[in-house]
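# What the coordinates show
Residue strings, one per chain:
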Amino acid sequence: MSRFIDLTLNGISNGMIYAAVALSLVLIWRATRIINFAQGGMLMITTFIASSIIGSSGSYWLGFVVALAAGLAMGAVVERVLVRPVEGGPPLNAVIATLGLLILLQAVAGMIWGGTPRSFPPAFSIRGYEVSGRRVLFGPFDTFTVLAVLGAAGALALLFRGTGLGLQMRAAAFDPLAARLQGVRVTGMYTVGWALAALSGSLAGLLVAPAVFVGPNTFDAILVFAFTAAVLGGLDSPVGAVIGGLVLGLSLSYVSGYAGSSLVTLAALAILIAVLMVRPEGLFSSTRARRI
Amino acid sequence: MLQVDGLTAHYGPVRALEEVSLDVPSGGIVAVLGANGAGKTSLLRAISGLVRPSSGRIRFDGATINQDSTEDLVRRGLAYVPEGGGVIGELTVAENLRLGALWRRDRDERERTLEEVVALFPRLAERSAMHASTLSGGERQMLSIGRALMGRPRMLLLDEPSLGLAPIVVEQIMRVIGELRRDRGLTVLLVEQNARSALSVADQGVVLNVGRVVARGEAHELAGDEQLRHAYLGLT
C-alpha cells in the first residue's frame, strides 16, 4: 500500500512536468497549428543558461528568473524568424524547420557547454516528507513543482478567459480572418503564443533538470512524454494538457514501479497509439478528429 | 467617403475585377448587384485589404488605401462584414461582440457602444452567454453586424447580409441598415444578389457582370429597368 502511495505521489510530480511541456506544445498548436519539435531543445538551452547563472552568481532564483525570461524571448524570436516564413505553408515545412532548429540548438549547446550532462540544483530539498515515521516519495521540491505548474496553468487560463489579450489570442487561433476583420493583429498574437509556450517549456526544464541533469540530449525523452500527454488531452486544450500530463505521469509511475523502469518509454508509446486508435480527437478537444 | 478608380484585381491568374470605378458619398448607401461570380465579393475584399489590387486606386477618406492592412483599415473606421458573417463559433456571443471593440483604448466608450448595439439587436443580449455556433442564421447576421458596429465604424462593407435568411429577417436587417444611416450617418457599401431588398434601402446601385460595371444609377431607376432586371438581376 505504501508503495502504491509513493508511486502515486511520484506520478503526480512527474505528471506536472509533462503537463508543463505539453502545455507549451498545446499553446503553439492552438496558435499556429504547428508541432514544435524544437521545444525540448529550447528548454534545454534555457536550463543551461540557468545552470551557468546559478554557477557564476550562486543564486538559484536569479538563474530561475533569467531562464524564464530567456524562454519568453526565445519563443518570440523563433516565431518571428523561423516560423513566420513557413506559417500557412504545407505542414511538412514547419516540421522540417522545427526539427532543424532542434538539431541546431543541440549542436550549439554541445559547443558552448560540452556534451557531458551536468547536475542541476533543485529549488528546495528533494528529501521526502516524513509521514508517521516513514519518508514518502514526495518532498518540498515536488510541492514546488506541482504548485508552479498549476500556477502557470491557472495564470494562462485567466489570461485566455479573462483578458482582452487572451480573447484576441483565442480569436486569432480559431479564425484568423475573422479576427483580422475585428482589428486583431493576428501575427502579433502568434508571437505572444509562442513566447508564452516557450515560457512554460523553460519552467518545465528547470523543474525536471535536477532529475535528468542538463545536457544537450537529456531532455529528449520529456518531449515524447509531453507529446503523448498533449495528444491524450486533445492537443488544443490547455486543461486537457494538464490532465493528460497527470494521467500519463501516474500511468508511467505505476508501470515503472510494478513492471520495471525499462518499460516506461514503451508504455508511453503504447498509450499514444491507444489514444490515437480509440479516441484520436483526445479527451478534451473542441475540434474534430485529426487526419494524419 | 470611398472612391474606387479603375480597380483591377486578380485571384491567381483569374481576373476577378476589371477597371471598376465607384463612389460612395459620406452617409450614402450604395448597392453592388450582380449574379454569382460577378466579382462582388472580390470588390469588397480588395477594398478591405484582403486582396491586393493589380492596378487602380482605392481611396478612403481622401487617403489612398491600396497597400493598407485589413487590421489598420478596421481601426480607421472601415468595417467589413463578410458573407456568412464571419462569426467565431467557438466564442460566445458576448465574446464576439467584445472582440469587435478591443482595439479601442477607452473602456467606458466600449461599454457604451455595447449598450447601443444591444439596444439595436436585443436578441443578442438574450443569447449573450451562448456559443455563437448555436445561433440561427438571422442571429448570426445580427451578431456580425453588431460586432462590426462595436468598432464604431464610419463605413460598413456588407457582403450578402440576406443570404439564406427568411424574407422577414432580411427585411429586418435592411431596416436596421437604413436606421444606422439615418441615425448616425453610417456610410454603407452593400453587396447583394437579392437586388430587390438591396435596392429598397440603397440610394444608388452598381451592377457588376464578370468583373465589369455594366450599369449604374439611382436605386429606383435600376429597380424599374426592365432589361437590366432580366439580364443581370434575376428579378421578374
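Numbers given to residues run from 1 along each chain, matching the order in which its sequence is written. Chain labels run from A onward and ligand labels from 1 onward, assigned in the order the entries are written. Thresholds applied to this predicted model are a pLDDT of at least 70 for local features of residues and 80 or more for the giving and counting of side-chain atom pairs; totals over whole chains, interfaces and linings are not thresholded and use all residues.

Where helices and strands are cited, they refer to DSSP runs of H or I of at least four residues and of E of at least two residues respectively, numbered from the N terminus. When helices and strands are counted, chain A shows eleven helices and two strands. Listing each helix as α and each strand as β along chain A from the N terminus yields α-α-α-α-β-β-α-α-α-α-α-α-α. Taking 292 residues into account, the globule formula puts the C-alpha radius of gyration at 19 Å, and chain A, at 19 Å, falls close to it. Judged by the C-alpha coordinates and their principal axes, chain A covers about 65 × 45 × 35 Å. By sequence separation, contacts in chain A at least 24 residues apart represent 71% of the contacts at least 6 residues apart. A radius of gyration in this sense is built from C-alpha atoms; the matching globule rule multiplies 2.2 Å by the number of residues raised to 0.38. By definition, residues are in contact whenever their C-beta atoms, placed on the basis of the backbone, come within 7 Å of each other.

Here we take up the overall build of chain B. Secondary structure assignment for chain B yields ten helices and ten strands. Relative to the globule expectation of 18 Å for 236 residues, the C-alpha radius of gyration of chain B, 17 Å, shows essentially globular dimensions. In terms of principal-axis extent, the alpha carbons of chain B reach across some 45 × 40 × 35 Å. To assign burial, the other C-beta atoms lying within 10 Å of each residue's own C-beta are counted, with C-beta atoms placed from the backbone; 20 or more indicates buried, 12 or fewer indicates exposed, and intermediate counts indicate partly exposed. Sorting the 236 residues of chain B into buried and exposed places 47% on the buried side. For chain B, restricting intrachain contacts to residue pairs at least 6 apart in sequence, the fraction spanning at least 24 positions comes to 68%.

Each partner contributes residues to the interface: chain B has 18 residues there, and chain A has 16 residues. Among the secondary structure elements, those contributing two or more residues to the side of chain B that touches chain A are α2 (70-75) and α3 (93-99) of chain B. Per-element tally for the side of chain B that touches chain A: the top contributor is α2 of chain B, with four residues. Grouping the constituent residues of the side of chain B that touches chain A by class yields eight nonpolar, four polar and six charged. For this classification, the nonpolar set comprises Ala, Val, Leu, Ile, Met, Phe, Trp, Tyr, Cys and Pro, the charged set comprises Asp, Glu, Lys and Arg, and every other residue, Gly included, is treated as polar.

All names here are of chain A. In this description, a line fitted to the C-alpha atoms serves as the axis of each element, helices being fitted only across the stretch in contact, and the angle between N-to-C directions of two axes falls anywhere from 0 to 180 degrees. Direction vectors running N to C along helix α1 (residues 2-32) and helix α5 (residues 140-162) enclose 30°, while the axes themselves pass 9 Å from each other. Relative to α5, α1 is oriented roughly parallel. Seen from above, α1 lies across α5 with left-handed handedness. Taking contact as the criterion, the partners of Ile12, Ser13, Met16, Ile17, Ala19, Ala20 and Leu23 in α1 are, on α5, Asp142, Thr145, Val146, Val149, Ala152 and Ala153. Here roughly perpendicular refers to angles of 65 to 115 degrees, roughly parallel to angles under 35, roughly antiparallel to angles over 145, and oblique to all remaining angles. Crossings are assigned a handedness: left-handed for a near helix turned anticlockwise from the far helix by less than a right angle, right-handed for a clockwise turn.

Now for the sheet that holds strand β5 (residues 63-64) of chain B. All names here are of chain B. At least two DSSP bridges between two strands are needed for those strands to be called paired. On the basis of which strands lie adjacent, the open sheet formed by four strands has the order β2-β1-β4-β5 and antiparallel pairing. On the outer flanks of this sheet lie β2 (14-24) and β5, each paired with one strand and no other. The pairing of strand β4 (residues 55-60) with β5 spans two bridges and is classified as antiparallel. Across the sheet, residue arginine 59 finds its bridge partner in β5, namely threonine 64. Of the strands in this sheet, β1 (2-11), β2 and β4 are in contact with helix α1 (residues 40-47), which crosses β2 at around 70°.

What follows concerns unusual backbone geometry. A negative phi angle characterises most non-glycine residues, just as the trans form characterises most peptide bonds. Even without being glycine, serine 132 of chain A reaches a positive phi, approximately 40°. Judged by the 5 C-beta atoms lying within 10 Å of it, serine 132 of chain A falls in the exposed class. Unlike most non-glycine residues, valine 210 of chain B shows phi in positive territory, near 45°. Turning to its location among the elements, valine 210 of chain B is positioned in the loop between β9 (204-209) and β10 (212-218).

Here we come to the sheet that holds strand β3 (residues 29-33) of chain B. Two orientations exist for strands paired in a sheet by backbone hydrogen bonds: parallel and antiparallel. Residues and elements named next belong to chain B. The sheet built from six strands is open, its strands ordered β6-β7-β8-β3-β9-β10 with mixed pairing. Lying at the two open borders of the sheet, with one neighbouring strand each, are β6 (78-81) and β10. Averaged over all pairs of adjacent strands, the angle between strand axes in this sheet comes to 15°, irrespective of strand direction. Bridge count for β6 against strand β7 (residues 155-159) is four bridges, and the pairing is parallel. Note that in β7 the partner of tyrosine 80 across the bridge is leucine 157. Sheet contacts for α1: β3, β6, β7, β8 (187-192) and β9; angle to β7, the most-contacted strand, approximately 150°.

So, on to the pairing of β8 of chain B. Strand residues, when the strand is regular, have side chains that alternate between the two faces of the sheet. Residue and element names in this part refer to chain B. Counting buried residues in β8 gives six out of six residues, a clear majority hidden from the surface. Judged by which residues are buried, β8 turns out to be covered on both faces: Thr187, Leu189 and Val191 on one side and Val188, Leu190 and Glu192 on the other are all buried. Of the pairings in the sheet, the one linking β3 to β8 comprises five bridges and is parallel in character. Counted as the bridge partner of alanine 31 is leucine 190 from β8. Two strands pair when backbone bridges link them, and β7 and β8 are joined in this way by five bridges, in the parallel orientation.

Attention now moves to the pairing of β7 of chain B. Residue and element names in this part refer to chain B. Judged by how many residues are buried, β7 sits mostly within the fold: five of five residues are covered. Because side chains alternate across β7, one face comprises the buried residues Met155, Leu157 and Asp159, and the other comprises Leu156 and Leu158, equally buried. With helix α7 (residues 167-184) bridging β7 and the parallel β8, this β-α-β connection has right-handed handedness. Handedness of a crossover: with both strands directed away from the viewer, a clockwise path from the first strand across the helix to the second marks it as right-handed.

Attention now moves to the nonpolar core. A set of buried residues qualifies as a nonpolar core if it consists of Ala, Val, Leu, Ile, Met, Phe, Trp, Tyr and Cys joined through C-beta atoms within 7 Å. If you look at the biggest cluster of nonpolar residues, it comprises 163 residues, and the most contacted ones within it are Ala19, Ala20, Ala22 and Ala226 of chain A together with Leu190 of chain B. Residues within four places of alanine 226 of chain A in sequence aside, it is in contact with Tyr18, Val21, Ala22 and Leu25 of chain A.

Glancing now at the confidence of the model for chain B. Predictor confidence is given residue by residue as pLDDT, running from a minimum of 0 to a maximum of 100. Per-residue confidence for chain B gives a mean pLDDT of 88, with 98% of residues at or over 70. Overall fold confidence (pTM) sits at 0.86, and the ipTM for the predicted complex is 0.87.

All names here are of chain B. Here helix α4 (residues 107-120) is 14 residues long and its end C-alpha atoms lie 20 Å apart, about the 20 Å a rise of 1.5 Å per residue gives. The complete set of buried residues in α4 reads Arg110, Thr113, Leu114 and Val117. When α4 is viewed along its axis, its buried side chains cluster within an angular range of 105° and face the same direction. The exposed set on the far side of α4, more than 90 degrees from its buried face, consists of Asp108, Glu111, Arg112, Glu115 and Ala119. Against the buried residues of α4 lie α3 and α6 (137-149). Here the expected length of a helix is defined as 1.5 Å per residue gap, with one fewer gap than residues. Of all possible arcs, the one meant is that of the directions from the helix axis to the C-beta atoms.

What follows is about helix α4 (residues 91-113) of chain A. Residue and element names in this part refer to chain A. With 23 residues, α4 extends 33 Å from end C-alpha to end C-alpha; this agrees with the ideal 33 Å at 1.5 Å per step. Listed as buried for α4 are Ala94, Ala97, Thr98, Leu101, Leu102, Leu105, Gln106 and Ala109. Of the residues flanking the end of α4, it is glycine 114, one or two places downstream, whose phi is positive at about 85°.

So, on to the packing of α1 of chain A against helix α8 (residues 186-212) of chain A. Residue and element names in this part refer to chain A. Contact geometry of α1 with α8 gives a least axis separation of 8 Å together with a crossing angle of 170°. Between α1 and α8, the crossing angle belongs to the class labelled roughly antiparallel. In this structure, the crossing between α1 and α8 has a hand that is left-handed. Residue classes in the contact of α1 with α8 are distributed as 17 nonpolar, five polar and no charged.

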